[in-house]
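Here is what each chain is made of, one letter per residue.
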Amino acid sequence: QHSYETALVVLCVLYPEEHQYICDVKSRMQALGLKAATPACNATGCSVQKKEGQAFKRCSQCRCAVYCSDSCQKAHWHQQHKDDCKVLKAVLQQFSP
């Protein structure tokens, strides 16, 4: 269920200089390629795409999930990200020096 996210976290740990690129890949994978050109809010059902100069909120734990607003972040946390983030944190702890 979390295999692609786990793989991306491992890549983030092994290649920290590529962290932003890997997070962008994760965002595109979550959007099933529909928003590949522009990073988009990770909240389920949100179609807000990041515009140049706009700051999205980022999950403080995994640093990969991004959100256009506090309400999207809270909604996604309760819908899905709470469980995903636990897996991501566990993998990060396992591979951290």
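Within each chain, residues carry numbers counting from 1 in the order of the written sequence. Two thresholds apply to this predicted model, a pLDDT of at least 70 for residue-level local features and 80 or more for giving and counting side-chain atom pairs, whereas whole-chain, interface and lining totals are computed over all residues. Here the side-chain values reflect all heavy atoms present in the structure, with hydrogen atoms and water set aside.

Draft legend 1. Representation of the overall build of the protein in the model. If you tally the helices and strands in the protein, you get three helices and two strands. Here a strand is any run of E in DSSP of at least two residues, a helix any run of H or I of at least four, and the numbering for each starts at the N terminus. Along the protein, helices (α) and strands (β) appear in the sequence α-α-β-β-α when read from the amino end. By residue count, 32% of the 97 residues in the protein fall in the buried class. For this analysis, residues touch if any pair of their heavy atoms sits within 4.5 Å. Contacts spanning at least 24 positions in sequence make up 43% of the contacts within the protein whose residues lie at least 6 apart. Total accessible area on the protein is roughly 6100 Å²; 53% of this is exposed by carbon and sulfur atoms. Only protein chains enter the accessibility calculation, which uses a 1.4 Å probe; a residue is then buried when its area is under 20% of its type maximum, exposed when over 50%, and partly exposed in between. For the area figures, the Shrake-Rupley method with a 1.4 Å probe applies, and any residue is considered shielded solely by the protein chains shown.

Draft legend 2. Spatial organisation of the nonpolar core. We define the nonpolar core as a collection of buried residues of types Ala, Val, Leu, Ile, Met, Phe, Trp, Tyr and Cys that are connected through side-chain atoms lying within 4.5 Å of one another. The biggest cluster of nonpolar side chains holds 17 residues, and the ones touching the most others in it are Cys41, Ala43, Cys62, Tyr67 and Cys72. Those elements that provide at least two residues to this core are helix 1 (3-14), helix 2 (19-30), strand 2 (66-67) and helix 3 (70-95). A total of three residues in this core trace back to one element, the largest contributor, which is helix 3. Setting aside anything within four residues of it in sequence, one finds Ala43 in contact with Tyr67, Cys72 and His76.

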